[in-house]
Each structure stands twice: as C-alpha cells, then as structure tokens.
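A closer look at the structure
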Amino acid sequence: MTTAYADEREPGTGRRDAEATKAAIVRAARHLLARHAHGDITLKAVADRAGVSPPLILKYFGNKDALFSSVMNFEADVEALLDAPLAGLGPHMVRYVLTGQAERGADPILRIVFAPLHGAQGDILRANFRAQVSERLAARLTGADAALRAELAVAMLLGIGVMYGIARGPQVRAADIEDLVRRYAPAVQAQLAASPGRAPAQPH
C-alpha cells in the first residue's frame, strides 16, 4: 500500500497548497533544530515529522543547508513580534511569546538558545538574531543606550520563553496569559521607554 504524502495527492483529494506545506516543513525543522545538533538532523527526519517525502523538501528548498538557512532566519517572526506601537510594545511582545508557546508550540526567538548546539551554523543563527531582532528593536527606540535597552528587553522575552517552553515551570504554565502579561510586561516596557540618560557624576 502506497502512502500519499502531503502535497503529493491528486487534485481534489486533500492536496495542501504549497505555502502550507512549506510552513509544515519549516516547523518540523525548527522542532528538530531545538533538540539536535544541525549535523545530526537528516532530511528524512524533517520529512517524517512534517508528513511529507524527502524529495518534496528538495523541491521546495533545494537542499538541507537552504532549508536550515530559512529556519535560522528571524525576519518573518520579528514582523509580528514588533507589530505594535512603541507605547504598548512590551505587553504585545510578552503576549506574543507566550501565546506562541501555548497555542502553536512555537516561539519567535527562542531558537537562539540552542545556538551552541550548531557549530558554525550557530554563528549564523547568532548573527541573524543580532541583526534581525536586537538591532531592529533598537532602531525603534529613542533616548540613551537604545542598543543596550533593546538587548535587555529581548533578554527578558527569552527568559519568559525559556521558563514557559523549556523549563516548563508549572506555576507559569498554569497561570492565565493575561495575568503573566500584567505582571511581566512592565519590566520589558521600562526598557523600551526613552531614557533620560545617565545622571552626571556627583562631586566628592
């Protein structure tokens, strides 16, 4: 009996569109990348998790390196992560990270935590993270130390993401997401607010 993989069925028999299939492949690759070293992940493992055949991955992405280049890119996720006015961006980002974990089993930025697993590929992941997440957020901020404040805000997002999705803290996971946003987001928002700058040194 032959198995019909997703996106390889005849028209009218439930064939998924190309974008949905590519998204499933990327989700599968992300899942594996968060648990295994890049060099240990095979196209077959990605295909099995995505419910497609390995040749279909090659059709859409060309090769394994091209697939993981897409997975190591944060651009699409950051569009949604930063999609709020600056005055309410802290709550929006905290909510987006938590709902991603709770509803989709995915986090827009948590992949960076696993960079040490991936050797030279980890360096690409770090470079993308700096340019596409931290520096992009910093570009929206005004006042002193914008780059530092952006990194501190992102660090807080990573912290709540790790506690919810990796450490799986039972109290955090049992809490209502809006309650977590209310408690946690003010600290994130405080880093986004314009800083008056450093106070001058006091004379002795």
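Criteria and thresholds
Residues numbered from 1 in each chain as written. Predicted model: local features only at pLDDT ≥ 70, side-chain atom pairs only at ≥ 80, totals over all residues. Heavy atoms only, no water. Phe/Tyr/Trp six-rings, centres within 6.5 Å; stacked < 30°, edge-to-face > 60°. Helix = DSSP H or I, 4+ residues; strand = E, 2+ residues; numbered from the N terminus. Buried < 20%, exposed > 50% of the residue type's maximum accessible area, 1.4 Å probe, protein only. Core = buried A, V, L, I, M, F, W, Y, C linked by side-chain atoms within 4.5 Å. Salt bridge = Lys/Arg side-chain N within 4 Å of Asp/Glu carboxyl O. Lys, Arg positive; Asp, Glu negative; His and termini not counted. Polar contact = N/O pair within 3.5 Å; in protein donor to acceptor, adjacent residues only side chain to side chain. Contact = heavy atoms within 4.5 Å. Expected span 1.5 Å × (residues − 1). pLDDT = per-residue confidence, 0-100. Axes fitted to C-alpha atoms, helices over the stretch in contact; angles between N-to-C directions. Parallel < 35°, antiparallel > 145°, perpendicular 65-115°, else oblique. Left-handed = near helix turned anticlockwise from the far one by under 90°. Nonpolar A, V, L, I, M, F, W, Y, C, P; charged D, E, K, R; others polar.

Our focus in this paragraph is the packing of aromatic side chains. For the structure on display, the rule yields 1 aromatic pair. Relative to Phe129, the ring of Phe74 has its centre 5.4 Å away and its plane inclined at 75 degrees; by these criteria the two rings are edge-to-face. With a gap of 55 residues between them, Phe74 in the loop between helix 4 (64–71) and helix 5 (75–81) and Phe129 in helix 7 (residues 120–140) connect regions that are remote in the sequence. Judged by its relative accessible area of 0%, Phe74 is buried.

With that settled, consider the nonpolar core. In terms of nonpolar packing, the biggest core is built from 56 residues, with Ile25, Val46, Ile57, Leu67, Met93 and Leu137 touching the most fellow members. Counting residues per element, this core draws most heavily on helix 8 (residues 146–165), which supplies 8 residues.

This next bit is on the pattern of salt bridges. Counted according to the given criterion, the structure contains 9 salt bridges. Across the pair Asp48 and Lys44 runs a salt bridge, and its minimum N-O distance is 2.8 Å. With Asp48 and Lys44 both in helix 2 (residues 43–50) and 4 residues apart, the pair spans about one turn of that helix. Residue classification places Asp48 among the partly exposed residues on the basis of a relative accessible area of 45%. You can call Lys44 exposed: its relative accessible area is 51%. Note that Arg183 and Asp179 form a salt bridge whose closest N and O atoms lie 3.1 Å from each other. With a gap of 4 residues between them, Arg183 and Asp179 both fall in helix 10 (residues 177–192), about one helical turn apart. For Arg183, a relative accessible area of 62% puts it in the exposed group. Accessibility expressed as a relative area gives 22% for Asp179, which makes it partly exposed. Taken together, the shared-partner salt bridges connect Arg30, Asp77 and Arg111 into one network.

Our next topic: the side chain of Lys64. Within the element layout of this structure, Lys64 appears in helix 4. Buried within the structure, Lys64 lacks any salt-bridge partner; its nearest side chain of opposite charge belongs to Asp65, at an N-O separation of 6.3 Å. A polar atom in the side chain of Lys64 sits 2.6 Å from the backbone oxygen of Ile41. Lys64 has contacts with His38, Gly39, Ile41 and Leu43, leaving out every residue within four places of it along the chain.

A few words now on helix 1 (residues 18–33). In this model helix 1 runs 22 Å from its N-terminal to its C-terminal C-alpha over 16 residues, within 8% of the 22 Å that 1.5 Å per residue would give. On the buried face of helix 1, the contacting elements are helix 2, helix 3 (54–61), helix 4 and helix 5. One side-chain oxygen of the residue at the start of helix 1 lies 3.0 Å from the amide nitrogen of Glu19, identifying that residue as Asp17.

Overall, the prediction assigns the chain a mean pLDDT of 85, with 87% of residues at 70 or greater. The weakest mean pLDDT in the chain belongs to helix 4 at 82; the strongest belongs to helix 10 at 98. Every residue in residues 1–15 scores below 50 in pLDDT, and together they form 20 contacts with partners more than four places removed in sequence or on other chains. For the stretch residues 199–204, pLDDT sits under 50, and the model shows 0 contacts to residues farther than four places along the chain or on other chains.

Turning our eyes to something else, we now look at the packing of helix 6 (residues 89–104) against helix 10. Packing of helix 6 against helix 10 brings their axes to within 7 Å, and their N-to-C directions diverge by 135 degrees. In terms of orientation, helix 6 and helix 10 fall into the oblique class. The element helix 6 and its partner helix 10 pack so that their crossing is right-handed. Taken together, the residues of helix 10 that come into contact with helix 6 (itself represented by Leu89, Gly90, Pro91, Met93, Val94, Arg95, Leu98, Thr99 and Ala102) are Ile177, Glu178, Leu180, Val181, Tyr184, Ala185, Val188, Gln189 and Leu192. Broken down by class, the residue content of the contact of helix 6 with helix 10 amounts to 13 nonpolar, 3 polar and 2 charged.

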